[in-house]
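Here is what each chain is made of, one letter per residue.
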Amino acid sequence: YSLSGGKYAFNILDSELSLKDISEIKDAEGVVKADGIISGNDLSEAEGMLELKSSEGKYKDIGYKNIYTTLNVIYKDGKIRINGIGEAKESSYKNEKLEELNFNFRYKDNTVYIDNLYNNSLTLKGYYNIISGNVNFDFGVRKYKIENIELIKEKKVQGYVESITGKAEGNIENLVLK
């Protein structure tokens, strides 16, 4: 940190953060390891590149194993913008699992924009507003074996999807599929 110019650069080396320690994210489990650099001018601006890794974690019904992402983070005018790219060896929702998931995303104005989330069976694009809980996603599923998902309370579904496309929109707690 330079006292005369107000400029700084912080190297982040093998830092760990428990997801339980983030008050804005309730019910999260897991530990994230971070490496990177953040630099800026005074406290009004900052920019950085971060590499995040986590061996396992969970948020509500969504889980992951072996996730890796690279983030470009910008803080300016009191707002945070993030661009990211990454992969997860395994992702899950309730009892359904997806392997080898890749993703590109952005964060701006309380909204996560998923530019592309995909593997050999799934494609997903759209956005999720973290404040309102509203989502708007286009999705496609092809050649996917449904292992054991609960679509209607206490009714398990198993089977095979050859090909389906659609849209999920509305509030995350009460999605409408089209």
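Keep in mind that what you see is a predicted model, and the values were worked out from it rather than measured. (Residues numbered from 1 in each chain as written. Predicted model: local features only at pLDDT ≥ 70, side-chain atom pairs only at ≥ 80, totals over all residues. Heavy atoms only, no water.)

When you look at the overall build of the protein in this model, what are you seeing that I'm missing?
When you go through the protein residue by residue, the secondary structure sums to zero helices and 11 strands. Beginning at the N terminus, the succession of helices and strands in the protein can be written as β-β-β-β-β-β-β-β-β-β-β. Taken along its principal axes, the extent of the C-alpha atoms in the protein is 65 × 30 × 30 Å. Summarising the internal contacts of the protein: among those between residues at least 6 apart in sequence, 32% fall at separations of at least 24. Across the protein, the mean location of the 25 positive side-chain charges is 4 Å away from that of the 28 negative side-chain charges. (Helix = DSSP H or I, 4+ residues; strand = E, 2+ residues; numbered from the N terminus. Contact = heavy atoms within 4.5 Å. Lys, Arg positive; Asp, Glu negative; His and termini not counted. Charge placed at Lys NZ, Arg CZ, Asp CG, Glu CD.)

Which parts of the structure should I look at to understand the pattern of salt bridges?
A side chain with one charge may pair with a side chain of the opposite charge, provided their charged atoms come close. Evaluated as defined, the whole model comprises eight salt bridges. Here Lys 65 ties to Glu 90 by a salt bridge, and the two come within 4.0 Å at their closest N and O atoms. In this pair, Lys 65 is assigned in strand β4 (residues 62-76) and Glu 90 in strand β5 (residues 79-93), connecting sequence segments 25 residues apart. For Lys 178, the salt bridge identified is with Glu 169, shortest N-O distance 2.5 Å. (Salt bridge = Lys/Arg side-chain N within 4 Å of Asp/Glu carboxyl O.)

Just to check I follow, could you spell out the nonpolar core for this structure?
Within soluble globular proteins, side chains that are nonpolar generally end up buried alongside one another. Among the nonpolar cores identified, the biggest contains 23 residues, and Leu 101, Leu 117, Leu 122, Leu 124, Phe 137 and Val 141 are the most heavily contacted of them. Of all elements in the fold, only β5, β6 (96-108), β7 (111-118), β8 (122-129), β9 (134-152) and β10 (155-171) reach the threshold of two or more residues within this core. Among the elements that take part in this core, β9 stands out by supplying six residues, more than any other. Ignoring anything within four residues of it in the chain, the contact list for Val 141 reads Ser 121, Leu 122, Val 161, Glu 162, Ser 163 and Ile 164. (Core = buried A, V, L, I, M, F, W, Y, C linked by side-chain atoms within 4.5 Å. Buried < 20%, exposed > 50% of the residue type's maximum accessible area, 1.4 Å probe, protein only.)

Just to check I follow, could you spell out the confidence of the model for the protein for this structure?
When the pLDDT values of the protein are averaged, the result is 88; 92% of them are 70 or greater. Of all the helices and strands in the protein, β9 carries the lowest mean pLDDT, 82, while β7 carries the highest, 96. (pLDDT = per-residue confidence, 0-100.)

Sorry, what's going on with the environment of Glu 100 here?
Summarising the element assignment, Glu 100 is placed in strand β6. In sequence terms Glu 100 and Glu 45 are 55 residues apart; their C-alpha atoms lie 36 Å from each other. Those residues in contact with Glu 100 that lie beyond four places of it in its chain are Ala 88, Lys 89, Tyr 118 and Asn 119.

Got a minute to help me understand unusual backbone geometry in this structure?
For residues that are not glycine, phi is negative in most cases, and the peptide bond is trans in most cases. The phi torsion at Asn 66 lies on the positive side, around 50 degrees, for a residue other than glycine. The residue Asn 66 is located in strand β4 in this model. The class of Asn 66 is partly exposed, set by a relative accessible area of 45%. One non-glycine residue, Asp 77, lies in positive phi territory at about 55 degrees. Structurally, the position occupied by Asp 77 is in the loop between β4 and β5.

Got a minute to help me understand the pairing of β4 in this structure?
The sheet contact formed by strand β3 (residues 45-59) and β4 spans 14 bridges and is antiparallel. Within β4, the residue paired with Gly 48 across the bridge is Val 73. Linking two consecutive strands that pair antiparallel, namely β3 and β4, is a turn of two residues; a positive phi of about 55 degrees is found at Lys 60 within it. Here β4 folds back onto β5, and the loop between the two strands holds two residues, one of which, Asp 77, carries a positive phi near 55 degrees. (Pairing = 2+ DSSP bridges.)

Just checking my understanding: could you explain the layout of surface pockets for this structure?
Left-over empty space is what a probe sized like a water molecule reveals as it rolls over the atoms. In this structure, the second largest pocket encloses a volume near 220 Å³. If you trace the second largest pocket, you find it lined by Asn 95, Glu 96, Lys 97, Leu 98, Glu 99, Glu 100, Asn 119, Asn 120, Ser 121, Tyr 144, Lys 145 and Glu 147. Sort the elements by how many residues they give to the lining of the second largest pocket and β6 lands first, with five residues. The class makeup of the residues in the lining of the second largest pocket is two nonpolar, four polar and six charged. (1 Å grid on protein atoms, 1.4 Å probe; cavity = no way out; pocket = protein on both sides within 12 Å on 5 of 7 lines; lining within 4 Å. Points joined across faces, edges and corners; volume = space filled by probe spheres on them. Nonpolar A, V, L, I, M, F, W, Y, C, P; charged D, E, K, R; others polar.)

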